[in-house]
Structure formats: structure tokens, C-alpha cells
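# Breakdown of the fold
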Amino acid sequence: MTNAAFTPRVFSGIQPSGGLTLGNYLGALKRFVDMQDAGKYDCVYCLVDLHAITVWQEPEKLRANTRELAAFFIACGIDPEKSILFNQSQVPAHSQLAWIFNTVARMGWMGRMTQWKDKAGKNSENASLGLFAYPALMAADILLYHATHVPVGEDQKQHLELTRDVAAKFNHDYGVDFFPITEPVIEGPATRVMSLRDGTKKMSKSDPSDMSRINMSDDADKIAQKFRKARTDSEPLPGNYDELKERPAARNLVDIFAALSGRTQADIMTEVEGMQWGTFKPLLADLAVDKLSPISTEMTRLLSDPAEIDRILGKGADRADSIATPILEKTYELVGMVSSRG
């Protein structure tokens, strides 16, 4: 069986860990909306709160962050009627399938995960078992819906490769073609958004400098100020994108401009050739304000009614469960579990 035999379905998720930035929008949400609106896939989008608690979360803050993330999805253009939007913990099948995959995945696979090494560091003895097993839960998130495609950033590509390994090993061990070999979707001009203060570092909510990032809660004035003060070099913009290879700060701003405008870097370069930064950065600031301010405003409106957000997530969880439960039950059957259910 090939992936062509499966319903074309997208799955992706984001942790509700707070501090949403431009990187979350360009690296994830804008692409999620594009895939939803393309009409080629069933789209399942998840707020992965079970992943979030692999490191300590203050309970009330986790709840607030989950609602904020839901508001972000909707404000960016995810339509809960077109796509399925829910938080992971409301669908128990995620944890149930993850346990099955814990018996399929191998310790060596998990130990090689760079995110495990980065997050656990030298203190791995005190890291949670959940953090170590994180990739098996991610595999369960994806394969629970027989997802054929997953839009991911470069930092999650290794985890998706492990998902493919888990699917292949399960299929081989049980002599079936039950789980798809999910394809990564890594594309777009700004799938990895870099710091506005250092073009060699990823834009991060943990950076001590607020000027290094665009927060999705920033107002129009702050967005404009940050782009106008973004660090660059002294050279004008070239006409060929390849000439920015050794100019990370310049390349980052061009990537952001291209992603926000929905155009290619090549198109942008032909228009800005020879332009000085004093001219380019105000253009980028105006574009960013135009695209991002409405999202911030809509998030504020949505968050004024948390009960409505909870209702949307609950409805999404019911829809997700209707797909997940039959797949989980078939998995149990293949593994040899006994069930008295019809």
C-alpha cells in the first residue's frame, strides 16, 4: 500500500508554551492557513498540551496559553469549520497510541534526537521520561489520523523521520500496510525566522532582548520600530538572492519580506536591487504592520470570551476523536488486544 491509498490529510501541532512570535506565524500558521485554503487536504491542527508538560508548566498559565494559542490559530485564518482545531489532551487516543509506539520505538532512536540532547543537556538524569519519549508521542499525534503530510520546520524534521521509522517498523512487525509513511512539507521563504539583532540565531521568545523578535502581541508602533531598528550590514541590497548567502541579517529581512508578501525572494530582489537599508526597512515595517496588526487585534477580541474558545476546542476534539478512535481500535486489534466492544 502506498500513501496514495490514504486520504490526503495534514496534521501539525504547536505547543501552548506562550510567547508567540513572528516565527510562529511565518514558520507555521501562515503555511497551515495556505494548506487549509488550498482545498487539497483534510487539515487537523492540534495544540499539543501533552507535549508542553514534558517540562514544568504552571497550571493556570498553561490553560491561558492554550486559549491564547487557539485564538492565534483562528486570528491567523484557521477556520474551525474547515479544519479540525483542538487541544491534544481532550483526545485520549493520543496517549493510548503513544504507549503502543513506546514499544515499537527503540531507545537508541530516542537517544539520538538532537532536541533531547539540547533540552536535557548535562542534566539528563533529572529530565522527565516524557521529554525522552516525546518523539513517540509526536509519532502518535501524526499517525493517529493517518496523516500523509506534515508541515514542519527544520528543527522538527528529525522527529518526523522517527515517525516514518515507527510507521515502517510497525507495518513490518505486524505484516500490514496500516500506517502511512508521512511526508514532510518543508517549504516557503521564511520557514526559519531569525533574530532581528543577530541573523545567525533563530528568533526566540527566550532571547533577553525584546528587540530581537516580533511578538504577536506587539502593536503597530512597536512592530514598525523593531523593523526600522533591525540590525543589518552597511552594503546595499543586491539583485541576486544568492549574493546574500554570507549576509545573514540581510537575508533574514528579505526572507521575511518575501514571506509576508507571498512572493519569492527572486521577485523581491529584482525590485530592491541597489536599495539602501534606510529605504528597505521602512517598506518592510509598513508591510508587517499591514499583515500582523489585524491578527493581534482579532486575538484580543477572541480572548475576551474564553468560554467560546473552549467551545470551539471541544467541538474540534469531538471531530478529531471520530477519526482517531477507529484507527486506535484497529491498532489494538493488530497488536492482539482483546476487546468486548462491538
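Residues numbered from 1 in each chain as written. Predicted model: local features only at pLDDT ≥ 70, side-chain atom pairs only at ≥ 80, totals over all residues. Heavy atoms only, no water.

## Considerations on the overall build of the chain
Helix and strand counts for the chain come out as 13 helices and five strands. For a compact globule of 342 residues, the expected C-alpha radius of gyration is about 20 Å, and the chain comes in at 21 Å, within 12% of that figure. Each principal axis of the C-alpha distribution contributes one length, and for the chain these read about 70 × 45 × 45 Å. Here the chain holds 342 residues, and the buried ones make up 49% of them. Restricting to contacts in the chain with at least 6 residues of sequence separation, those with at least 24 account for 77%. Approximately 16,200 Å² of the chain is accessible, and the part contributed by carbon and sulfur atoms is 50%. (Helix = DSSP H or I, 4+ residues; strand = E, 2+ residues; numbered from the N terminus. Rg over C-alpha atoms; globule rule 2.2 N^0.38 Å. Buried < 20%, exposed > 50% of the residue type's maximum accessible area, 1.4 Å probe, protein only. Contact = heavy atoms within 4.5 Å. Areas by Shrake-Rupley, 256 points an atom, 1.4 Å probe, with all protein chains shown as cover.)

## Points about the packing of helix α4 (residues 93-104) against helix α7 (residues 129-143)
α7 packs onto α4 with a crossing angle of 120° between their chain directions and a minimal axis gap of 8 Å. With respect to each other, α4 and α7 are oriented oblique. The handedness of the crossing between α4 and α7 comes out as right-handed. Contacts between α4 and α7 involve His94, Leu97, Ala98, Phe101 and Asn102 on the former and, on the latter, Ala133, Ala136, Leu137, Ala139, Ala140, Asp141 and Leu143. Looking at the contact of α4 with α7 residue by residue, the classes come out as nine nonpolar, two polar and one charged. (Axes fitted to C-alpha atoms, helices over the stretch in contact; angles between N-to-C directions. Parallel < 35°, antiparallel > 145°, perpendicular 65-115°, else oblique. Left-handed = near helix turned anticlockwise from the far one by under 90°. Nonpolar A, V, L, I, M, F, W, Y, C, P; charged D, E, K, R; others polar.)

## With respect to the packing of aromatic side chains
One pass over the structure, following the stated rule, counts 13 aromatic pairs. Look at tyrosine 45 and phenylalanine 73: their rings are 6.3 Å apart centre to centre, the planes differ by 45°, and that puts the pair in the tilted class. Here phenylalanine 73 lies in helix α3 (residues 59-76) and tyrosine 45 lies in strand β2 (residues 42-47), a separation of 28 residues in the sequence. Taking the centre distance of 4.9 Å and the plane angle of 75° together, the rings of tryptophan 116 and phenylalanine 132 count as edge-to-face. With tryptophan 116 in helix α6 (residues 114-120) and phenylalanine 132 in helix α7, this residue pair connects regions lying 16 residues apart in the sequence. Residue class for tryptophan 116 comes out buried when judged on its relative accessible area of 15%. Site record: aromatic cluster; members linked through ring pairs are Phe101, Phe170, Tyr174, Phe178 and Phe179. (Phe/Tyr/Trp six-rings, centres within 6.5 Å; stacked < 30°, edge-to-face > 60°.)

## Describing α3
Since the α-helix packs 3.6 residues into each turn, any two residues three or four apart lie on the same face. Between the first and last C-alpha of α3 there are 26 Å, a value that for 18 residues agrees with the 26 Å anticipated at 1.5 Å per step. Every buried residue of α3 is listed here: Leu62, Asn65, Thr66, Leu69, Ala70, Ala71, Phe72, Phe73, Ile74, Ala75 and Cys76. Trailing α3 by a residue or two, glycine 77 shows a phi angle of about 125°, which is positive. (Expected span 1.5 Å × (residues − 1).)

## Concerning unusual backbone geometry
Here histidine 146, not a glycine, exhibits a phi torsion of approximately 50°, which is positive. With respect to the helices, strands and loops of the structure, histidine 146 is situated in the loop between α7 and β4 (149-151). Of the residues examined, histidine 146 reaches a relative accessible area of 12% and is grouped as buried.

## Some details on the pattern of salt bridges
Scanning the entire structure with this criterion turns up 17 salt bridges. Among the ionic pairs, aspartate 173 bridges to lysine 169, the shortest N-O distance being 2.7 Å. With aspartate 173 and lysine 169 both in helix α8 (residues 157-174) and four residues apart, this pair spans about one turn of that helix. Its relative accessible area of 41% is what places aspartate 173 among the partly exposed residues. Through salt bridges with shared partners, one network takes in Asp210, Arg213, Asp218 and Lys226. (Salt bridge = Lys/Arg side-chain N within 4 Å of Asp/Glu carboxyl O.)

## Focus on the nonpolar core
Leu22, Tyr25 and Phe227 are the most contacted members of the largest nonpolar core, which has 61 residues in total. Of the residues forming this core, the biggest block, ten residues, is contributed by helix α12 (residues 277-303). Leaving out residues up to four positions away in the same chain, tyrosine 25 has contacts with Lys30, Phe72, Cys76, Met216, Leu260, Leu292 and Ile295. One finds Phe11, Met110, Leu162 and Val176 within the second-largest nonpolar core, a separate group that totals 46 residues. (Core = buried A, V, L, I, M, F, W, Y, C linked by side-chain atoms within 4.5 Å.)

## Concerning empty space enclosed by the protein
In the structure shown here, the tally under the stated rule is one cavity of 30 Å³ or more. Size it by volume and the largest cavity reaches roughly 50 Å³. Residue lining of the largest cavity: Met113, Gln115, Trp116, Lys119, Leu131, Tyr134, Pro135 and His159, and that is the complete set. Residue assignment for the lining of the largest cavity shows that the elements contributing at least two residues are α6 and α7. (1 Å grid on protein atoms, 1.4 Å probe; cavity = no way out; pocket = protein on both sides within 12 Å on 5 of 7 lines; lining within 4 Å. Points joined across faces, edges and corners; volume = space filled by probe spheres on them.)

## Looking at the state of the cysteines
By the definition in use, this model includes zero disulfides. Its sulfur unpaired, cysteine 43 is 14 Å from the next cysteine sulfur, which belongs to cysteine 46. Left without a disulfide partner, cysteine 76 is nearest to the cysteine sulfur of cysteine 43, which lies 15 Å away. (Disulfide = S-S within 2.5 Å.)

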